[in-house]
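Structure at a glance
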Amino acid sequence: MDTKETLLDIIREYVDVPADEINTDQAFKTAMGVDSFIFMAMISSIEERFNLSIPNSDLLTFKTLDDIIAYIDARKA
């Protein structure tokens, strides 16, 4: 499974948005109703699933799901 599909699986665990309505280039916090609590829970799941640690300073750069996908892909490389 690629990064995008894995990430979408994680996101669907936390938000009640149909898969076909998740747009990876939209600001996911507002588009999917993600508050800071849900965001941090998602980040924990992402760190666990991809076996990486994301510094708090990097979290500020995540505006869209595409941002997170690019970040993970860069860290996996």
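Please refer to the structure higher up on the page.
Residues numbered from 1 in each chain as written. Predicted model: local features only at pLDDT ≥ 70, side-chain atom pairs only at ≥ 80, totals over all residues. Heavy atoms only, no water.

**Things to note about the overall build of the protein chain**
When helices and strands are counted, the protein chain shows 5 helices and 0 strands. Secondary structure elements of the protein chain, listed N to C terminal, follow the sequence α-α-α-α-α. For the protein chain, whose C-alpha radius of gyration is 11 Å, the value lies close to the compact-globule estimate of 11 Å for 77 residues. Reported as C-alpha extents along the three principal axes, the dimensions of the protein chain are approximately 30 × 25 × 20 Å. Taken over 77 residues, the protein chain has a buried fraction of 38%. Sequence-distant contacts in the protein chain: of pairs separated by 6 or more residues, those separated by 24 or more amount to 53%. (Helix = DSSP H or I, 4+ residues; strand = E, 2+ residues; numbered from the N terminus. Rg over C-alpha atoms; globule rule 2.2 N^0.38 Å. Buried < 20%, exposed > 50% of the residue type's maximum accessible area, 1.4 Å probe, protein only. Contact = heavy atoms within 4.5 Å.)

**Description of the nonpolar core**
Counting residues in hydrophobic clusters, the biggest one holds 24 residues, and the most contacted among them are Met-32, Ile-46 and Leu-65. When contributions to this core are tallied by element, the ones reaching two or more residues are helix H1 (3-14), helix H3 (36-50) and helix H5 (65-76). Once you skip the residues sitting within four places of it in the chain, Ile-46 turns out to touch Leu-7, Ile-10, Asn-51, Ile-54, Ile-68 and Ile-72. (Core = buried A, V, L, I, M, F, W, Y, C linked by side-chain atoms within 4.5 Å.)

**Here's the deal with unusual backbone geometry**
You will see that Asn-51, though not glycine, has its phi angle at about 55 degrees, which is positive. Looking at the element boundaries, Asn-51 is found in the loop between H3 and helix H4 (56-59). Take Asn-51: its relative accessible area is 72%, and that puts it in the exposed class.

**Quick word on H5**
Between its first and last C-alpha, H5 extends 16 Å over 12 residues, near the 16 Å set by a 1.5 Å rise per residue. Buried residues belonging to H5 abut H1, helix H2 (28-31), H3 and H4. One side-chain oxygen at the N-terminal end of H5 lies 3.3 Å from the backbone nitrogen of Asp-66; it belongs to Thr-64. (Expected span 1.5 Å × (residues − 1). Polar contact = N/O pair within 3.5 Å; in protein donor to acceptor, adjacent residues only side chain to side chain.)

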